[in-house]
Amino acid sequence: MLDDRALLTAWQGGDERAGRTLVERHYEAVVRFFATKDRAAAPDLIQQTLVKFVESVRRIPQDCSVRAYVLGIARHVLYDHLRAAYQGAGRIDFSARSVADLQPGPSTILARERQSRLLLQALRQLPLESQLLVELYYWEELTGGEVADILGVPEGTVRTRLRRARNLLEQALTRLAESPELLTSTLADLDGWAQRVREELGSA
């Protein structure tokens, strides 16, 4: 059986059968690559990867690992797919965002819905000024100076009141949370919750 390098040389020399052999040899690796990323889109992404592989045959260096080259194409195909699918999220930092972040499963979605319900319920129990502070700072992402301009108070006062509002929110969450686990995850995800609420309101 010919190794990858010999098959690549033959393919680049016009041997289409050698090309088909290489594609078949690395097909399962491409399937495995996408199986853990986006199962719904996997068939299309696999096809895109293989088409790009075939189209790039003349550019494949003779001394490279063919499998690594194919999986490098798969990586670019995946990233392009995710950028197109989540344009509203802005630039995606693939060194920080996970597949679960971008495509949460049913259990993750349920947990986030429980967090959002809890936070909204707790927020409504705050004094109105405290509620307004939290919304301006977390939802609208205003700076302390911008909030100070809106409220007509010094920025130092805003920061003091914001700390107090955050404490009141945590107290309300503690009273309302169904479990310690829900309380902990909700407090830890306050910024994520604010982002989701902004997105939901923006698309309403």
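Being a predicted model, the structure only gives us computed values, none of them experimental.

Cut-off values and rules
- Residues numbered from 1 in each chain as written.
- Predicted model: local features only at pLDDT ≥ 70, side-chain atom pairs only at ≥ 80, totals over all residues.
- Heavy atoms only, no water.
- Helix = DSSP H or I, 4+ residues; strand = E, 2+ residues; numbered from the N terminus.
- Buried < 20%, exposed > 50% of the residue type's maximum accessible area, 1.4 Å probe, protein only.
- Contact = heavy atoms within 4.5 Å.
- Salt bridge = Lys/Arg side-chain N within 4 Å of Asp/Glu carboxyl O.
- Core = buried A, V, L, I, M, F, W, Y, C linked by side-chain atoms within 4.5 Å.
- Expected span 1.5 Å × (residues − 1).
- Bend = angle between axes of the 7 residues up to and from the residue.
- Polar contact = N/O pair within 3.5 Å; in protein donor to acceptor, adjacent residues only side chain to side chain.

K.L.:
Is there a simple way to explain the overall build of the chain in this structure?
P.N.:
For the chain, the count of helices and strands is 11 helices and 0 strands. Helices and strands appear in the chain in the N-to-C order α-α-α-α-α-α-α-α-α-α-α. Here the chain, with 204 residues, has 35% of them falling under the buried criterion. A separation threshold of at least 6 residues defines the contact pool for the chain, and within that pool the share at least 24 residues apart is 58%.

K.L.:
Teacher, can you tell me more about the pattern of salt bridges here?
P.N.:
Opposite charge on two side chains allows them to pair when their charged atoms are near. A complete count under the given rule lists 4 salt bridges for this structure. Residue Arg-25 pairs with Asp-4 through a salt bridge whose shortest N-O separation is 2.7 Å. With Arg-25 in helix H2 (residues 16-35) and Asp-4 in helix H1 (residues 4-12), this residue pair connects regions lying 21 residues apart in the sequence. Across the pair Arg-159 and Glu-155 runs a salt bridge, and its minimum N-O distance is 2.8 Å. Of the two residues, Arg-159 and Glu-155 both sit in helix H9 (residues 155-176), 4 residues apart, roughly one turn of that helix.

K.L.:
Would you take a moment to explain the nonpolar core for this structure?
P.N.:
Looking at soluble globular proteins, one finds that nonpolar side chains tend to be buried together. Leu-8, Trp-11, Phe-34 and Phe-53 are the most contacted members of the largest nonpolar core, which totals 28 residues. Counting residues per element, the ones that place at least two in this core are H1, H2, helix H3 (42-55) and helix H4 (66-85). With 8 residues, the top contributor of residues to this core is H4. Setting aside anything within four residues of it in sequence, one finds Leu-8 in contact with Leu-22, Val-57, Ile-60, Pro-61, Gln-62 and Val-66.

K.L.:
Looking at this structure, how should I read H2?
P.N.:
An α-helical segment advances 3.6 residues per turn. Residues three or four places apart therefore align on the same side. Taking 1.5 Å of rise per residue, the 20 residues of H2 would be expected to cover 28 Å, and the 28 Å separating its terminal C-alpha atoms lies within 8% of that figure. Of all the bends found along H2, the most pronounced is centred on His-26 and spans about 40°. Of all the positions in H2, only Ala-18, Gly-19, Leu-22, Val-23, His-26, Ala-29, Val-30, Phe-33 and Phe-34 are classed as buried. Packing partners of the buried residues in H2 comprise H1, H3 and H4. Of the residues flanking the start of H2, the one acting as N-cap is Asp-15, its side-chain oxygen 3.0 Å from the backbone nitrogen of Arg-17.

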